[in-house]
Amino acid sequence: MEALSLLDLFPKPKMEDLTLFPSESNMEDLSLLSLSPKPNMEALSLSMEALTLFPSESNMEDLSYENLSRLVKSPDLLSRLLPLRLDGGEKNVSFQWLGPHFLTFLKYVKELLRCFSPDCRIPFTMHSPYCLLKYLDDSAFDCILYEEIVSHHDNEHYKNFLEIILASMPKLNKFFTIETQCHPTELKIFIDFLFETIRELLKCQKDSTVLVSNRLECLPKGLKFLLTFLFYPIPSYEEKLKESIFTEIEAVFNEAGLFLHSFFFTTDLVTTTKMDLAIFGLLERIEIVLVKIKYYSIAVSSEVGIGSLQVAESPSEVSSSQDKSSPMVEEIVVGLEKTTTKILSELVGGPNYRRIISIVGMGGLGKTTLAKKIYNHSNVRYYFDKLSWCAVSQTYNKRKLLKDILSSLSNLKKDDISKMEDEKLAEQLYKNLKGRRYLIVMDDLWDKEAWEDLKRLFPDDKNRSRVLFTSRLKNVASEISHFIIVPPPLSPDERWNLLEQKVFKKECCPQELQHIGKQIAANCKGLPLVVVLIAGILSNMEKKESLWQQVAKSLSYYIFQKADDYIPTLKLSYIHLPNYLKPCFLYLSAFQEDKEIPVRKLLSLWIVEGFIEKREQRTLEDVAEEYLIELVDRSLLQVSKRRPDNRVKICTLHDLVLDMCSKMAVEDEIFLFQHQFVLSKNRHLHRLYMDRFHQVFISENIFEAFSIAYNLEKIRILDSGNNENVQLGIKFMPDLRYLDLSKLEPSIGKLHNLEYLCLDLIKEVPTYLLNMPKLRHLGINGKYDGVRFTKNSDSLRINCLQTLGHVMIVDSEDEEILRYSPNLLTLKCQSSGNHFPDLNFLSQLQSLTILGHWFEGDYSVVKFPMNIKRLSFHGICLPWEKMSLFGTLPNLEILKLYGSHFSGKIWDTKDDEFQKLKFLKLEALELEHWNSSHNHFPVLEQLVLLECEVLEKIPSEFSDISTLQKIEVLYCGKNVETSALEIRQEQLDYGDTEFDVTIFSNWS
C-alpha cells in the first residue's frame, strides 16, 4: 500500500466533518504514519480538529508506545538531540522531560487506555494527547529502525522526533489533571501517577540532566495528608460542605499535576528559583485547605508519615504528642512574608549537611514571633521528623536546655527526665535525634557557649537537619551560622494591620478611625514593639477620633509614658556590652531623635573623648570603626547608608534605643561628670554642638553662660558652624580636640591638642596649621575651588596628618609641601593647567580624589601610589587608551570617573587589569562603545552609570561576573537600560534572585 500522509487524508475543506471509526483496514493505514514525510505541525493542528478516533481492542496495541519507551531508555538519546539546530532560530531547548519519569508517564497513559471499555466509544481527536503520543511513538520507531538498518543514526529522523516533542509537550497537560467527580478508578490511577513521578524525580542524581529542587520532597507529605481526607470516613455533616472540601482537595491534586507538567514535562528552560516558588505556592494551597477543613470541624487521624495530627485552633497548637513541641504563646503574626519565605527556603532546601540559621535584630523587632511563625508553618511540619523549641536567654543553663529539648522530643516522662544525670540527658538527646531529620529552635542566644556546649549532641547525618537561632548579637551569630537574616522593619501596611488586630481583635476598625489610625501606625518606625505599646494605649481609651488625634500629635510622649514596658527589654542589650563599648553607646544620647548620624564625625568624637584604645599597627580610626560595627552587630545601631566599599557612611538610632540610652547616661553619674552632659527636658544634648547654646542663652553673654555650665578649659569639642560669637571663645578652650569653624581664627595655632579641624571659606593654608603637633585630620574649602598652600616650606616640619583636602596642587613647590605629610591616607586635591601632580611619594595613600582641567602634557608623568584603593577623577582629560594607568594599580577597589573630558569614544579594557576592582562609577562621559570581558573585572560587585547618554550598552559578558550584585542606571539611553535588564534576567535564570538592577530615566 502506498505511504499515506495525515495531510493527504484532508486535502479539501469538505473533509472537515469526516469521522473515522476504527476497523482493520483503516487501522492498518494509520500504522503507516511513521513512513510518511514530516508534516507541518501547525497545519496538522488546524486540519485535524474534526477527525475523531474511538478506541477498540484492535487499535489499543498501536497505542502501547513501546518504540517511544525504548528510545527514551537509550543512553545515547541526549547526545543525539543536543547538537540539533531546529528551523526558525537558535531556540534553547530543555530536556527536563528526558528521564525515568517520562516512562512513568507512558505507563500511566497506557493504564488510562486500559480503563476505556471498547463499548463506551469514548472519542478523542487526532490532536488529542493520545494520538500525539502515537505520532511521537512512530517517529521514535523511525529513529530506531534507521539506526538498526544502516548502523548509524540519521539527524533528520532525530530532528523530526525533536520537533514533534516541541509541538506535543504543551498539549500533554490534559493528562495532568482530572475532571471533578471522575470515576474512583481514574482518580486512583492519577494519584498513583503523581506520587510515582515524584519518587522517580527524587531519585535523580546531581549529575542528572533533570533539574530537581530539594524542596520537592516536601510535596508528597502534604499531598498524602490531603489524601487522608479523600478516603477517610468523615463524620456526618452537611453534604454541601463535604463536597466543597472534596472539590478543594481535587483542585490541589490538579495543581500538583500541572506543576509536574510545567517543570518536568517541558522543553522550556526552568530554574530552581521558579520551581521553589511553585512548590511553596502548592504547600500554601494545602495549608489553606487544611484551615477550611478545620473551619468545617472535620477531624482526622491517620498514619501519613507526619504523626497523628488534630487540626487545632491556632498554628501553635498543631503538634504531635510524641515529637512536635512549640511555644504555646498566642501571638498575632503580621507581615514579613518575604522574610518568612526566605527562611523557609533555607530550612527546607539547601545542602544536605546540618545547617545553622540565625534571625538577628534589635530587641522588639519580632524575632521570636517570626521564629514561632516559621516553627508552626505547615511546610516545616511536613518536612521535619523531629522539632523542638527552647529558650537560651541571658544566663545559659546547660541542664535546663537539655531537659527542655529532650522533653519535647521523647516519650519520657518529665519526672524521669528530671532524675537523669547530665551525661544521661545528653545521651538520650543524641539517640532521639540520630537518623532523624530535625529542627531545633534556640531562642534568645547571647553567647556562643551554649552552641559550643551542645553541638556534639546534634548529629549531622547529611539529611538536611537544621538549627535555628534568634539573637540580638550578629557577631555571635556570625561565628556559628551558615546563614543570617535580619528582618526588615514592618512596612506601613503591616504596621496598620498589626495595630488594628491588637486594638480591635477580630473586628474591623471603624471607618472614621482608619485614617488617623494609619497615621499613628506609620509613625511607629516599623518596630513591632512600638506598635504593640501604642495598641495597648489605644485599647484602653475610648474609640474617639479626637482622642486618637491627641495620640498622633504626641506619639513620643505616649511611648515615653510606657517606658517601664520596654526599657527592661532593651536594657539587656546595654548590660551585655563589654566595658569598652559602654561609653561609646552612652555618647549616642548626644544626638536627636530621627537624625542621621554621620559615621566619620561620630568616630572622630569618640576618638577625641578618649573612648578608643590604642592598638599596635592600627590607627585609632580603624579601631573606632570596629567599635561601631560591634554596636551594629549588637543591634543597637542601624545602618542607613553604606559607602561603595561597603563601609558604613550613615547610621541611625531607633527612638526607643535613644530613650534607653539617655536613661542609662543619666544613671551613670561618673560618665556625665567626665563628659559634662547636660540633658534638657526633651532629652536633647546641649554640649557637643555649641551653636545650640547660643540659641538657649541668646540674650546673655555667651561665655558667662558657658562658665556657669562648664569648666571651659576642659572642653574638647566645639562645633560652632558659622556662629561668630562662639568662635571668639576659642582662646578660652585650650584643650580643644575637635573644632569645626566657618573661618580661620589665628588662636587656632595655640591649640596644641587639636586633632580634627574643619574650616570653610579660607583663602590659603597657613604653615602653622600643617605644623600642629597632633593634628591628624584637616578639612578645608575655598569659596569656589581648592585652597592654596602658603609658599613658605622652609619652616615646615614633618606632621602626622592622615586626611587632607581640598587643596590646590599646581606646581612642584606644592608637591614639595605635601612631602611633609608622609602619613597621608586620604587626599582630595585639584590640579590646574597642564600640571599633573606627581604623588608617587605618598606611599601610604589609600584614597585619592583629583579634580582638574584639560591635561595635554606628557602622560608618562601620570603616576599614582601603588597602595591606592579608592580613586576619583573629576573633569581631567585622558584618552581611553590610557586607562591602564588606573587598571594596573594592584590594590584599586573603587574607581569613579566624572565629567565628559575623557577623549575618544571607545574603551577597550585589557587582560590583567582591574583585578581587584569592586565598585565602578561612570558619570557624564561621552563614551559610546565599551568593549570588555568578565575576565577584565573579575571581582566587580557594583556598577553605576549616570548620564552616560551616548553609551551603546553595558558589555553583555558582565552577566558572567559571579561577584556582580548590583547595577544602577541613572538617566542613560534606552539601550543601556535594556542591556542591564538582560543581565539581570540571565542572573535570574542562573538562580540568583538577589541580583539588583535600579533604573531611573527621563523616558515616558
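Residues numbered from 1 in each chain as written. Predicted model: local features only at pLDDT ≥ 70, side-chain atom pairs only at ≥ 80, totals over all residues. Heavy atoms only, no water.

1. Concerning the overall build of the protein chain
Step number 1: Across its full length, the protein chain holds 39 helices and 27 strands.
Step number 2: The buried share among the 1004 residues of the protein chain stands at 51%.
Step number 3: For the protein chain, contacts bridging at least 24 residues in sequence account for 62% of all contacts bridging at least 6.
Step number 4: Summed over its atoms, the accessible surface of the protein chain is roughly 47,400 Å², and 49% of this surface lies on carbon and sulfur atoms. (Helix = DSSP H or I, 4+ residues; strand = E, 2+ residues; numbered from the N terminus. Buried < 20%, exposed > 50% of the residue type's maximum accessible area, 1.4 Å probe, protein only. Contact = heavy atoms within 4.5 Å. Areas by Shrake-Rupley, 256 points an atom, 1.4 Å probe, with all protein chains shown as cover.)

2. So, the environment of Tyr438
Step number 1: Tracing the backbone through its elements, the reader meets Tyr438 in strand E5 (residues 438-445).
Step number 2: Under the relative-accessibility criterion, Tyr438 is labelled buried at 0%.
Step number 3: The spatial distance from the C-alpha of Tyr438 to the C-alpha of Arg354 is 9.3 Å, given a sequence separation of 84 residues.
Step number 4: Ignoring sequence-local partners within four residues, the contact set of Tyr438 consists of Arg354, Phe384, Lys386, Leu433, Phe458, Pro459, Ser465, Arg466 and Val467.
Step number 5: A polar side-chain atom of Tyr438 sits 3.3 Å from the main-chain carbonyl oxygen of Phe458. (Polar contact = N/O pair within 3.5 Å; in protein donor to acceptor, adjacent residues only side chain to side chain.)

3. Some thoughts on a negative patch on the surface
Step number 1: Side chains of Glu957, Asp960, Glu982, Glu986 and Asp989 sit close together on the surface and give a patch of like negative charge.
Step number 2: Following the sequence through the fold, Glu957 ends up in the loop between strand E25 (942-946) and strand E26 (966-970). (Patch = residues over 30% accessible without salt bridge, like charges linked within 9 Å, V, L, I, M, F, W, Y side chains within 5 Å. Salt bridge = Lys/Arg side-chain N within 4 Å of Asp/Glu carboxyl O. Lys, Arg positive; Asp, Glu negative; His and termini not counted. Charge placed at Lys NZ, Arg CZ, Asp CG, Glu CD.)

4. Let's talk about the nonpolar core
Step number 1: The biggest cluster of nonpolar side chains holds 169 residues, and the ones touching the most others in it are Trp97, Phe105, Phe264, Phe585 and Trp606.
Step number 2: Phe585 has contacts with Tyr574, Leu577, Leu631, Leu636, Val657, Met660 and Cys661, leaving out every residue within four places of it along the chain.
Step number 3: If you look at the next biggest cluster of nonpolar residues, it comprises 80 residues, including Ile715, Leu759, Leu845 and Ile850. (Core = buried A, V, L, I, M, F, W, Y, C linked by side-chain atoms within 4.5 Å.)

5. Section: the sheet that holds strand E10 (residues 648-652)
Sheet strands pair via backbone hydrogen bonds, and the direction of the pair is either parallel or antiparallel.
Step number 1: Spatial ordering of the open sheet is given by E8-E10-E9, a layout of three strands whose pairing is antiparallel. The open sheet has two free edges, formed respectively by strand E8 (597-598) and strand E9 (638-642), since each of these has just one partner strand. (Pairing = 2+ DSSP bridges.)

6. Notes on helix H5 (residues 66-73)
Step number 1: All of the buried residues along H5 are Leu68, Ser69, Leu71 and Val72. Summarising the axial view, the buried residues of H5 lie within an arc of 165 degrees, below the 170-degree limit, and thus occupy one face. In H5, the exposed residues that point more than 90 degrees away from the buried face are Glu66 and Lys73. (Arc of directions from axis to C-beta.)

7. Examining the confidence of the model for the protein chain
Step number 1: Across the protein chain, the average pLDDT comes to 77, with 77% of residues at or above 70.
Step number 2: Residue range residues 117-127 is modelled with pLDDT below 50. Its contacts to residues more than four positions away, or to other chains, number 34 contacts.
Step number 3: Here residues 676-702 is modelled with pLDDT under 50, and outside its nearest four sequence neighbours on either side it reaches 71 contacts, counting other chains as well. (pLDDT = per-residue confidence, 0-100.)

8. Some words on helix H22 (residues 492-504)
Structural remark: α-helix, 3.6 residues per turn; residues separated by three or four positions point the same way.
Step number 1: Taking 1.5 Å of rise per residue, 13 residues should cover 18 Å, and H22 covers 18 Å from first to last C-alpha, within 8% of that figure.
Step number 2: Buried within H22 are the following residues: Glu494, Arg495, Trp496, Leu498, Leu499, Glu500, Val503 and Phe504.
Step number 3: Here the buried face of H22 lies against helix H14 (337-348), helix H23 (511-522), helix H24 (528-539) and helix H25 (545-553).
Step number 4: In the segment just after H22, Lys505 is the residue with positive phi, at about 55 degrees. (Expected span 1.5 Å × (residues − 1).)

9. Re the pattern of salt bridges
Step number 1: Within the structure shown, the criterion is met by 35 salt bridges.
Step number 2: The residue Lys398 makes a salt bridge to Asp453 at a minimum N-O spacing of 3.9 Å. Here Asp453 lies in helix H20 (residues 449-454) and Lys398 lies in helix H17 (residues 398-409), a separation of 55 residues in the sequence.
Step number 3: The partly exposed category is assigned to Lys398, whose relative accessible area is 24%.

10. A look at the packing of H14 against helix H15 (residues 367-375)
Step number 1: Remark: H14 packs on H15, axes separated minimally by 10 Å, with the N-to-C direction vectors making an angle of 55 degrees. Between H14 and H15, the crossing angle belongs to the class labelled oblique. Crossing handedness for the pair H14 and H15: right-handed. Residues Glu337, Thr339, Thr340, Ile343, Leu344 and Leu347 of H14 form the contact with H15, whose participating residues are Leu370, Lys373 and Ile374.
Step number 2: Grouping the constituent residues of the contact of H14 with H15 by class yields five nonpolar, two polar and two charged. (Axes fitted to C-alpha atoms, helices over the stretch in contact; angles between N-to-C directions. Parallel < 35°, antiparallel > 145°, perpendicular 65-115°, else oblique. Left-handed = near helix turned anticlockwise from the far one by under 90°. Nonpolar A, V, L, I, M, F, W, Y, C, P; charged D, E, K, R; others polar.)

11. A word on the side chain of Ser959
Step number 1: Tracing the backbone shows Ser959 in the loop between E25 and E26.
Step number 2: Relative accessible area serves as the criterion here: at 4%, Ser959 is assigned to the buried category.
Step number 3: Within polar-contact distance, the side chain of Ser959 engages the backbone oxygen of Ser956 at 3.0 Å.
Step number 4: Discounting chain neighbours no more than four positions away, the residues touching Ser959 are Ile983, Glu986, Gln987 and Tyr990.

12. Structural notes on the packing of aromatic side chains
Step number 1: Summed over all chains, the structure comprises 36 aromatic pairs.
Step number 2: Pairing Tyr375 with Trp389 gives two aromatic rings, centres 5.6 Å apart and planes at 85 degrees, and the pair type is edge-to-face. Of the two residues, Tyr375 is situated in helix H15 and Trp389 in strand E4 (residues 386-391); the sequence distance between them amounts to 14 residues. For the residue pair Tyr375 and Trp389, the accessibility class agrees, reading buried in each case.
Step number 3: A ring pair is formed by Tyr438 and Phe458, whose centres lie 6.2 Å apart and whose planes are at 45 degrees; its orientation type is tilted. Of this pair, Tyr438 sits in strand E5 while Phe458 sits in the loop between H20 and strand E6 (466-471), and the two are 20 residues apart along the sequence.
Step number 4: Here the aromatic residues Phe95, Trp97, Phe102, Phe105, Tyr108, Phe161, Phe175, Phe176, Phe193 and Phe265 are joined through ring pairs into a cluster of three or more.
Step number 5: Between the NZ or CZ atom of Lys582 and the centre of the ring of Tyr574, over which it lies, the distance is 5.3 Å.
Step number 6: One cation-aromatic arrangement involves Arg819 over Phe841; the distance from NZ or CZ to the ring centre is 4.1 Å. (Phe/Tyr/Trp six-rings, centres within 6.5 Å; stacked < 30°, edge-to-face > 60°. Lys NZ or Arg CZ within 6 Å of the ring centre and 35° of its normal.)

13. A short note on the sheet that holds strand E3 (residues 355-360)
Step number 1: Pairing is parallel across the open sheet formed by five strands, whose spatial order is E4-E5-E6-E3-E7. Since the sheet does not close on itself, it has two edges, and those belong to E4 and strand E7 (483-485), each with one partner. Going from strand to strand, the sheet's axes swing by 15 degrees on average, the running direction of each strand aside.
Step number 2: For E3 and E6, the ladder comprises six bridges, and the chain directions are parallel. Following the sheet pairing, Ile359 is matched in E6 by Thr470.
Step number 3: The strands touched by H14 are E3, E5, E6 and E7; relative to E7, the strand with the most contacts, the crossing angle is about 170 degrees.
Step number 4: Against the sheet, H17 contacts E4 and E5, and its axis sits at roughly 150 degrees relative to E4.

14. Let's talk about unusual backbone geometry
Step number 1: Of note, the bond from Gly805 into His806 is cis; its omega dihedral lies within 30 degrees of zero at 10 degrees.
Step number 2: Within the secondary structure, His806 is located in strand E17 (residues 803-808).
Step number 3: Even without a glycine there, the phi angle at Asn646 is positive, about 75 degrees.
Step number 4: Structurally, Asn646 is set in the loop between E9 and E10.
Step number 5: Here the phi dihedral of Phe914 falls at roughly 55 degrees; this positive angle occurs in a residue that is not glycine.

15. Observations concerning the environment of Ser903
Step number 1: Relative to the assigned elements, Ser903 resides in the loop between strand E21 (894-898) and strand E22 (906-908).
Step number 2: Since its relative accessible area comes to 27%, Ser903 is described here as partly exposed.
Step number 3: Spatially, the C-alpha atom of Ser903 lies 8.3 Å from that of Glu926, the residues being 23 residues apart in sequence.
Step number 4: Aside from chain neighbours lying at most four places away, what touches Ser903 is Cys877, Leu878, Pro879 and Trp880.

16. Description of the pairing of strand E20 (residues 870-874)
Step number 1: Burial analysis of E20 places four of its five residues in the buried class, the great majority of the element.
Step number 2: As defined by bridge partners, E20 adjoins E21 across five bridges and the pair is classed as parallel. Residue Leu871 lies in a different strand from E21, and its bridge partner there is Leu895.

17. Overview of the side chain of His101
Step number 1: Its place among the elements puts His101 in helix H7 (residues 100-115).
Step number 2: Residues within four places of His101 in sequence aside, it is in contact with Gln96, Thr197, Glu200, Leu201, Val210, Phe264 and Phe265.

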